[in-house]
Every structure is written in structure tokens, then in C-alpha cells.
Amino acid sequence: MPRILISACLLGQPVRYDGRGLHIEHELLAQLRARGWLVPICPEVAGGLPTPRPPAEIVRQPGGVRVLTAAGEDCSEAFERGAQAALALARRMGCRYAVLTERSPSCGSTQVYDGGFAGRLIDGQGLTAALLRREGVQVFSQHQLDALNDMLLR
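Residues numbered from 1 in each chain as written. Predicted model: local features only at pLDDT ≥ 70, side-chain atom pairs only at ≥ 80, totals over all residues. Heavy atoms only, no water.

### Quick look at the overall build of the protein chain
Now for step 1: Along the protein chain, the regular secondary structure elements total five helices and eight strands.
Now for step 2: Its helices and strands in sequence order give the protein chain the pattern β-α-β-α-β-β-α-β-β-β-α-β-α, from N to C terminus.
Now for step 3: What you see for the protein chain is a C-alpha radius of gyration of 15 Å, in line with the 15 Å of a compact globule of 154 residues.
Now for step 4: Along the first, second and third principal axes, the C-alpha atoms of the protein chain reach 45 × 30 × 25 Å.
Now for step 5: Looking at the protein chain residue by residue over its 154 residues, the buried ones come to 46%. (Helix = DSSP H or I, 4+ residues; strand = E, 2+ residues; numbered from the N terminus. Rg over C-alpha atoms; globule rule 2.2 N^0.38 Å. Buried < 20%, exposed > 50% of the residue type's maximum accessible area, 1.4 Å probe, protein only.)

### Side note on the state of the cysteines
Any covalent bond linking the sulfur atoms of two cysteines counts as a disulfide.
Now for step 1: For the structure shown, the criterion picks out zero disulfides.
Now for step 2: Cys-9 supplies the cysteine sulfur nearest to Cys-42, a cysteine that is in no disulfide, at a spacing of 6.6 Å.
Now for step 3: Its sulfur unpaired, Cys-107 is 6.7 Å from the next cysteine sulfur, which belongs to Cys-9. (Disulfide = S-S within 2.5 Å.)

### Details of the pairing of strand E5 (residues 97-100)
Now for step 1: Taking every second residue as pointing to the same face, both faces of E5 are buried, with Tyr-97 and Val-99 on one and Ala-98 and Leu-100 on the other.
Now for step 2: Pairing between strand E1 (residues 4-7) and E5: three bridges, direction parallel. Opposite Ile-4, over in E5, you have Tyr-97 as the bridge partner.
Now for step 3: Judged from the four bridges that link them, E5 and strand E8 (residues 138-141) form a sheet pairing that is parallel. Counted as the bridge partner of Ala-98 is Val-139 from E8. (Pairing = 2+ DSSP bridges.)

### A short note on the nonpolar core
When a protein is soluble and globular, its nonpolar side chains tend to lie buried together.
Now for step 1: Of all hydrophobic cores here, the largest spans 19 residues; its most connected members are Ile-4, Ile-6, Leu-38, Tyr-97, Val-99, Leu-148 and Leu-152.
Now for step 2: Mapped by element, the contributors of at least two residues to this core are E1, helix H1 (27-34), E5 and helix H5 (145-153).
Now for step 3: A total of four residues in this core trace back to one element, the largest contributor, which is H5.
Now for step 4: Ile-41, Ala-83, Cys-95 and Val-139 belong to the second-largest nonpolar core, a separate cluster that totals 17 residues. (Core = buried A, V, L, I, M, F, W, Y, C linked by side-chain atoms within 4.5 Å.)

### Quick look at the side chain of Ser-109
Now for step 1: Mapped onto the elements of the fold, Ser-109 is located in the loop between E5 and strand E6 (111-113).
Now for step 2: Among residues more than four places away in sequence, those in contact with Ser-109 are Glu-102, Gly-124, Gln-125, Ala-129, Arg-133, Val-139, Phe-140, Ser-141 and Gln-144. (Contact = heavy atoms within 4.5 Å.)

### What about the sheet that holds E5?
Now for step 1: With parallel pairing, the four strands of this open sheet are ordered in space as E2-E1-E5-E8. The open sheet terminates on both sides in strands that have one partner only, identified here as strand E2 (38-41) and E8. Pairwise comparison of adjacent strand axes, ignoring direction, gives a mean angle of 25° for this sheet.
Now for step 2: Across the sheet, helix H3 (residues 76-93) lies against E1 and E2, angled at about 160° from E2, the strand it touches most. (Axes fitted to C-alpha atoms, helices over the stretch in contact; angles between N-to-C directions.)

In C-alpha cells, the structure reads:
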């Protein structure tokens, strides 16, 4: 069974922007955790951001995407460092799969906030999810654990 990279907040670790965790109860996660197959990381903390921290969103600009806070602080470099740290950990631990927190500017795998700080979601992915996918890691959100389970049973 391959090890699985997972957003640390999904295991209840208080690393989210608001200083809380987002513990997910699911039989698959309980089994994988008991076997020691989960590899937790918070890309934002790994990139050097504090906990708690101001919420940030991906903003699309003519030159590409940036990750900004509502006050306009550019934290793109920390998000990029965190994505690279997650990829390095996935490679080191042999992770072919990842379970990441949906809607996050780092970990969102199908939806992220639109950059307007008004709570609007758009189709898209965070910096870490996008990098992992480009490098061949199959990414799932916490809402897709049944699909991951099906993949693992193949």
C-alpha cells in the first residue's frame, strides 16, 4: 500500500489560517492512519506562514496567479515554497496519492475562492494541488475519499 500525503488540518492539527483543524471522520482515513500510511503536511506552514494567519486567495493577474490577503499582502512565495515542500515530501515518502483540503489556495483540488474575498467559489486548484498533479500524484479532496478507496482497492 502506498503512503498517502494528507493535509495536516484534515487530521485535526490546528494549522489552518484560523488556527483550527478540520478533523475528518472516515473509515478509510482511520485505517490508513492506524497503519501509518498517512503523511501529513500543511503546505502553508511548511512555506513559512504563521498560524493563525490572514486568509488568502488566489488572484489571477495578467502575469499569472498571485496569492494575496484581503489587505493586498502578497504571500505567493510562501505558498510556492509550501507546494515545493509538499512535493519533496511526497517524493521522499513514495506518495502516489494525496488527500488535500478543498477550497484552500494551497490544497484546493476542484474549487478555490475567486480572489474577491466575498466567499465566491470557482473551479480551480490551489498551488500545491496543481504542482502535485503536474508531477504525477493523484489528488483527492476530503469529499472524494470513497473514490480514493476505490482506487486503492484496484
